[in-house]
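# Overview (structure and organization)
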Amino acid sequence: MKPPWTPGDSEVHARGRDQSELHAAALAVTRERFGNEVFLRGVVEVSNICRENCHYCGMRRDNRQLERYRARFDALAELLVHHRPATITDINIQSGEDPVAARELVLPLVQTLRRETPLGVSVCLGTLAPSITRELQAAGATMYIIKFEVADPVLYRDLEAPGTLEERAGHIRWLNAEGWNVSSGFIAGLPGESADTARRNLEFAAQLPLSGCSVSPFVPGDETPLSSSPAASLDLTLNCMASLRRMRPDWIIPAVSALNIAGPDGGYRRGLRTGANLCTMNLTPESVRGDYLLYKRDRVIMNEARILEALEAEGLQPSPTSLADHFRRDLAMLPA
Ligand code: SAM
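Keep in mind that what you see is a predicted model, and the values were worked out from it rather than measured. (Residues numbered from 1 in each chain as written. Predicted model: local features only at pLDDT ≥ 70, side-chain atom pairs only at ≥ 80, totals over all residues. Heavy atoms only, no water.)

A separate point is helix α5 (residues 130-139). Looking only at α5, the buried set comprises Ile132, Thr133, Leu136 and Ala139. Around the axis of α5, the buried residues are gathered within 125 degrees of arc, so they sit on the same side. Structurally, α5 contributes buried residues whose contacts are with α4 (99-116), β4 (143-145) and α7 (165-177). Remark: Gly140 follows α5 within two positions and exhibits a positive phi of approximately 120 degrees. (Buried < 20%, exposed > 50% of the residue type's maximum accessible area, 1.4 Å probe, protein only. Helix = DSSP H or I, 4+ residues; strand = E, 2+ residues; numbered from the N terminus. Arc of directions from axis to C-beta. Contact = heavy atoms within 4.5 Å.)

As structure tokens, then:
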């Protein structure tokens with residue numbers, strides 16, 4: 001079997017003709033594997049209460065400026081069961097690391113969604129205890145999104161990311177062993193990273209048992225210790241996405257909405273040309289959206305109209321198949 005392609009430092013920092021060739025190769029691999037279809041997943045941010053203290057994140061527990069919220073179950077269930085956009089096939093329920101929200105809000109929401117909708121259900125809730133994680137799975141969630149953030153254990157520790165890098169990777173392996181489809185990810189261009197961090201991020205991702213991986217450009221967050229650090233470049237972010245795609249043609253790679261911040265002039269659409277095959281649609285109720293503070297309060301929200309416009313402009317269309325069904329089919333095709 002041909003060994004999988006792995007990127008070198010020159011790929012992730014490519015410019016000019018080399019960069020155009022890398023992006024074109026990633027696009028070709030994506031179209032070959034997924035055709036013109038892109039998965040559409042809704043995301044609801046259900047709690048901004050967080051016991052972690054990551055330096056890059058506005059929801060860190062030391063941010064006393066932030067008004068904390070937990071969404072109301074009834075309002076969320078009503079929205080997702082009766083008023084969700086017709087094009088989404090999956091939903092991701094996301095929060096700060098808030099075990100109370102996981103038990104009291106997310107668990108009943110997963111049960112309701114499985115009972116009353118055909119949506120595939122993902123969760124992104126941080127490193128939770130085995131018992132609640134198993135309950136979420138028994139309730140019908142099948143995909144877990146948990147980023148390893150940066151593949152440098154010293155930088156990971158200095159940024160006070162959750163636990164240690166080794167523990168985060170161990171949790172990812174455990175989730176996979178428990179039967180979850182796991183998507184991970186990393187932040188490109190974090191302050192303090194070195195010239196080889198991007199390549200190390202890609203190599204680290206390749207060693208994990210993943211179904212997908214995201215690349216988020218670092219955006220200096222308001223009310224964080226990194227608020228005056230420079231943002232990541234769009235070039236680095238897109239090169240990492242393209243390298244990921246060349247490395248793993250089968251992975252789910254999202255076009256993250258922060259591409260609009262890293263590249264206000266078409267960054268999101270360029271993501272759709274460098275290997276992305278998933279768009280996420282923000283469905284968080286407007287009343288609390290401003291307090292789900294990853295970086296800035298006035299972030300660009302990717303709603304259904306903006307996503308469909310971007311897809312049409314790129315000659316793409318929403319996938320009628322959910323991610324959950326896509327993974328089920330993939331599994332069914334594996335040799336017994
Ligand atoms: N608490 C959960 C966890 O730890 O997985 C999920 C929510 S957490 C806010 C979601 C992700 O936002 C983090 O894993 C991190 O990668 C990303 N993030 C936070 N601040 C960021 C920033 N300033 N720039 C880019 N990504 C950021």
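In a regular helix each residue adds 1.5 Å, so 18 residues correspond to 26 Å; α4 covers 25 Å between its end C-alpha atoms and thus fits that length. Val106 marks where α4 bends most, by close to 35 degrees; the proline Pro108 follows one to four residues later. Ala101, Ala102, Leu105, Val106, Leu107, Leu109, Val110, Thr112 and Leu113 are the residues of α4 that are buried. Close packing links the buried residues of α4 with β1 (37-47), α3 (73-82), β2 (90-95), β3 (120-124) and α5. (Expected span 1.5 Å × (residues − 1). Bend = angle between axes of the 7 residues up to and from the residue.)

All right, on to the packing of aromatic side chains then. The full count for this structure, using the stated rule, is four aromatic pairs. Ring plane angle 80 degrees and centroid distance 6.4 Å describe the contact between Phe34 and Phe39, whose orientation is recorded as edge-to-face. As far as the burial class goes, Phe34 and Phe39 line up, both buried. Among the aromatic side chains, those forming a connected cluster through ring pairs are Phe148, Phe186 and Phe204. (Phe/Tyr/Trp six-rings, centres within 6.5 Å; stacked < 30°, edge-to-face > 60°.)

Next up on the list: the site of the ligand. Close to the ligand lie 20 residues, the nearest being Tyr56, Glu149, Arg168, Val219 and Leu294. Between an oxygen atom of the ligand and a side-chain N or O atom of Glu149, the distance comes to 2.6 Å. Contact between the ligand and Arg168: an oxygen atom at 3.1 Å from a side-chain N or O atom of the residue. Coverage of the ligand by the protein amounts to 95% of the 560 Å² it exposes when considered alone. Counted by class, the shell around the ligand contains twelve nonpolar, four polar and four charged residues. (Near = heavy atom within 4 Å. Polar contact = N/O pair within 3.5 Å; in protein donor to acceptor, adjacent residues only side chain to side chain. Areas by Shrake-Rupley, 256 points an atom, 1.4 Å probe, with all protein chains shown as cover. Nonpolar A, V, L, I, M, F, W, Y, C, P; charged D, E, K, R; others polar.)

Following the criterion strictly, the structure yields 18 salt bridges and no others. Residue Glu21 pairs with Arg17 through a salt bridge whose shortest N-O separation is 3.4 Å. With a gap of four residues between them, Glu21 and Arg17 both fall in helix α2 (residues 16-34), about one helical turn apart. Overall, Glu21 belongs to the partly exposed group, its relative accessible area being 46%. Among the residues examined, Arg17 registers a relative accessible area of 66% and is labelled exposed. (Salt bridge = Lys/Arg side-chain N within 4 Å of Asp/Glu carboxyl O.)

Quick look at the nonpolar core now. If you look at the biggest cluster of nonpolar residues, it comprises 94 residues, and the most contacted ones within it are Tyr56 and Ile93. Sequence-distant contacts of Tyr56, defined by excluding residues within four places in its chain, comprise Glu149, Leu159, Ala161, Pro162, Ile187, Leu190, Phe218, Gly221, Thr224, Leu226 and Leu294. Membership of the second largest hydrophobic core comes to eight residues, among which are Phe34, Phe39, Leu278 and Ala324. (Core = buried A, V, L, I, M, F, W, Y, C linked by side-chain atoms within 4.5 Å.)

To continue, consider the side chain of Arg41. On the secondary structure map, Arg41 appears in strand β1. Despite being buried, Arg41 has no salt bridge partner; Asp90 is the closest side chain of opposite charge, sitting 6.5 Å away. What Arg41 contacts, discounting residues up to four positions off in sequence, is Ile88, Asp90, Ile91, Asn92, Ser122, Ile145, Leu278, Cys279, Thr280, Met281 and Leu323. (Lys, Arg positive; Asp, Glu negative; His and termini not counted.)

This brings us to the pairing of strand β8 (residues 278-282). Note on strand geometry: in a regular strand, side chains alternate between the two faces of the sheet. Burial analysis of β8 places four of its five residues in the buried class, which makes it a mostly covered element. The pairing of β1 with β8 spans five bridges and is classified as parallel. In the sheet register, Phe39 faces β8, and the bridge partner there is Leu278. Two strands pair when backbone bridges link them, and strand β7 (residues 254-255) and β8 are joined in this way by two bridges, in the parallel orientation. Within β8, the position partnered with Ala255 by the bridge is Cys279. (Pairing = 2+ DSSP bridges.)

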